[in-house]
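# An overview of the molecular structure
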Amino acid sequence: MDLFEAINTRRSIRRYTPDPVDDQKINTILEAGRWAPSWANTQCSRFVVVRDAKIKAALADTINKMKTPDGKEVPTPAANAINTVPVVIVVCAEIGKSGTKPGSSGGSEYITDKGDWFMFDTALAVENMVLTAHGLGLGTVIIGAFDPLKAEKVINVPKGHRLVAMFPVGVPAQPGKAPPRKELSELMIKDKFQ
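This report concerns the structure included in the present document.

As a further point, take unusual backbone geometry. In the Ramachandran plot, glutamine 43 falls in the positive-phi region, its phi being about 45° despite a non-glycine side chain. Mapped onto the fold, glutamine 43 is located in the loop between α2 (23-34) and β1 (45-50). The phi dihedral of asparagine 156 is positive, around 55°, even though this residue is not glycine.

Laid out in structure tokens, this is it:
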């Protein structure tokens, strides 16, 4: 699949078939994450591949619930997806590396006012991985609304790392639909803000 085709046609998928996803495809997805750009090539991203049903269920339980019109809290479609796909990729980051001066121990010597760039670096890796998954005919949905401390306990995230996002990987049960997008003229500013 052409890169621009992948960018234009990739959609969040929340319903999957029970079909398996082989290790070769998962490794291809992870390689795309490994090759993502990062601050000074620090590569702070870490990828946890979860196939164990109990661990997937525990991760799904950490996802924020949604409220029905009558006020009842129910699992989101993304949480349900985690329990139906064969694989969930959990993206973590080693903190205190990205955004620092070369050779520094991190934390106190950030170069910009943005501090630690781990969110930016992991986002680049996630984007590479979900586009690659789409190119392989697989679906994903990026999940960021969860209880991070509970989720970190589920997969034993070590000190000095944070869990940033997770995404199920599986065969889509149906194609995704494109949401409306703003026109480029609404997003582009020429030279400077007025």
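On we go.
Let us now look at the layout of surface pockets. Roughly 440 Å³ of volume is contained in the largest pocket. For the largest pocket, the lining is made up of 18 residues, of which Arg10, Arg11, Ser12, Lys177 and Pro179 are closest to its centre. Mapped by element, the contributors of at least two residues to the lining of the largest pocket are α1 (3-9) and α5 (118-135). Of the residues assigned to the lining of the largest pocket, the class counts are seven nonpolar, four polar and seven charged.

It is worth spelling out the packing of α2 against α5 at this point. Where α2 meets α5, the closest approach of the two axes is 7 Å, and the angle between their N-to-C directions is 150°. One finds that α2 runs roughly antiparallel with respect to α5. Where α2 crosses over α5, the handedness of that crossing is right-handed. Contacts between α2 and α5 pair Thr28, Ile29, Leu30, Ala32 and Gly33 from the former with Ala125, Asn128, Met129, Thr132 and Ala133 from the latter.

Look at helix α3 (residues 53-60) against helix α4 (residues 77-84): their axes get within 8 Å of each other, and the N-to-C directions meet at 175°. Overall, the two elements α3 and α4 adopt an arrangement that is roughly antiparallel. For the pair α3 and α4, the contacting residues are Lys56, Ala57 and Ala60 in the first and Ala79, Ile82 and Asn83 in the second.

The next subject is α3. Three or more residues of α3 are buried, namely Lys56, Leu59 and Ala60. Each buried residue of α3 lies within a common arc of 100° when the element is viewed along its axis, so the set occupies one face. Tucked inside the fold, the buried residues of α3 contact β1, α4, β4 (87-94), α6 (148-154) and β6 (161-170).

In this section: the sheet that holds strand β5 (residues 139-140). The four strands lie next to each other as β1-β4-β6-β5, forming an open sheet whose pairing is antiparallel. A single partner strand is all that each edge strand has here, and the edge strands are β1 and β5. Two elements, β5 and β6, share two bridges in a ladder whose sense is antiparallel. Note on β6: the bridge partner recorded for threonine 140 is valine 169. Across the sheet, α2 touches β1, β4 and β6, and the angle it forms with β1 is around 165°.

Another point: the environment of isoleucine 55. Note on placement: isoleucine 55 falls in helix α3. On the accessibility criterion, isoleucine 55 (31% relative accessible area) is partly exposed. A sequence separation of 27 residues divides isoleucine 55 from isoleucine 82, and the C-alpha atoms of the two residues are 10.0 Å apart.

Reading the values: rules and limits
Residues numbered from 1 in each chain as written. Predicted model: local features only at pLDDT ≥ 70, side-chain atom pairs only at ≥ 80, totals over all residues. Heavy atoms only, no water. Helix = DSSP H or I, 4+ residues; strand = E, 2+ residues; numbered from the N terminus. 1 Å grid on protein atoms, 1.4 Å probe; cavity = no way out; pocket = protein on both sides within 12 Å on 5 of 7 lines; lining within 4 Å. Points joined across faces, edges and corners; volume = space filled by probe spheres on them. Nonpolar A, V, L, I, M, F, W, Y, C, P; charged D, E, K, R; others polar. Axes fitted to C-alpha atoms, helices over the stretch in contact; angles between N-to-C directions. Parallel < 35°, antiparallel > 145°, perpendicular 65-115°, else oblique. Left-handed = near helix turned anticlockwise from the far one by under 90°. Contact = heavy atoms within 4.5 Å. Buried < 20%, exposed > 50% of the residue type's maximum accessible area, 1.4 Å probe, protein only. Arc of directions from axis to C-beta. Pairing = 2+ DSSP bridges.

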